[in-house]
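# What the coordinates show
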Amino acid sequence: MHINDAVFLEDLCPKFRLRQWRKSIHKFTGKSCIYCGKPSESIDHVIPRCQGGLSTTENCVPACLSCNGDKSNENALYWYRRQKFYDPRRAMAIRAWLEGDLRLAIRLLQWANPNFKVKNKSYKKDESEYKAA
Ligand SMILES: [Zn+2]
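Residues numbered from 1 in each chain as written. Predicted model: local features only at pLDDT ≥ 70, side-chain atom pairs only at ≥ 80, totals over all residues. Heavy atoms only, no water.

## A closer look at a positive patch on the surface
Taken together, the side chains of Lys15, Arg19, Lys23, Lys27 and Lys31 present a region of like positive charge at the surface. Looking at the secondary structure, you find lysine 27 in helix α2 (residues 15–28). Assessed through its relative accessible area of 68%, lysine 27 is described here as exposed. (Patch = residues over 30% accessible without salt bridge, like charges linked within 9 Å, V, L, I, M, F, W, Y side chains within 5 Å. Areas by Shrake-Rupley, 256 points an atom, 1.4 Å probe, with all protein chains shown as cover. Salt bridge = Lys/Arg side-chain N within 4 Å of Asp/Glu carboxyl O. Lys, Arg positive; Asp, Glu negative; His and termini not counted. Charge placed at Lys NZ, Arg CZ, Asp CG, Glu CD. Helix = DSSP H or I, 4+ residues; strand = E, 2+ residues; numbered from the N terminus. Buried < 20%, exposed > 50% of the residue type's maximum accessible area, 1.4 Å probe, protein only.)

## Focus: the coordination of the zinc ion
In this structure, Cys33 (SG), Cys36 (SG), Cys64 (SG) and Cys67 (SG) serve as the protein donors to the zinc ion, at separations of 2.3 Å. For the zinc ion, the four donor atoms in the first shell make angles of 103 to 117 degrees at the metal, a pattern classed as tetrahedral. One chain supplies every donor to the zinc ion, and in sequence these donors are spaced C-x2-C-x27-C-x2-C. Here the residue cysteine 33 occupies a position in the loop between α2 and β1 (42–45), and cysteine 64 occupies one in the loop between β2 (60–63) and α3 (65–71), the gap between them amounting to 31 residues. You can call cysteine 33 buried: its relative accessible area is 0%. Judged by its relative accessible area of 3%, cysteine 64 falls in the buried class. (Donors = N, O, S within 2.8 Å, 3.2 Å for Na, K, Ca; no water. Tetrahedral: all angles 85-135°; square planar, octahedral: opposite > 155°, others 65-115°.)

## Topic: the packing of aromatic side chains
If you walk through the whole model with that rule in mind, you get seven aromatic pairs. When the ring of tyrosine 80 is compared with that of tyrosine 86, the centres are 5.1 Å apart and the planes differ by 45 degrees; the resulting orientation is tilted. Owing to a relative accessible area of 1%, tyrosine 80 belongs among the buried residues under this scheme. (Phe/Tyr/Trp six-rings, centres within 6.5 Å; stacked < 30°, edge-to-face > 60°.)

As structure tokens, then:
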């Protein structure tokens, strides 16, 4: 029998640490799905495990259940390109994430999703609306 020599985080860490790790992944995107921006309810493997993808932070992204289920065992980058909600900035973010550059990934996600940040913006917006009227 062929023995798969890949080491999965699930095998190495006790459950508690695994939970902490999952939490920290959701935190990176403010608990939003990296693909569509909806609330993330699961962790998705960018490169599926059946294709040799590992359970490392670089290969695991926050995803909503709908994206995760729909993508299933496909490579995320190929799958994402065909989606209606495709956004090249998010595609770049996924790639950066996969390469381990989480800071760049998060910056790209913020760019793709402006309501991700600054809440007190509404003040200024009101003002400009007045001027325009
Ligand atoms: Zn999603």
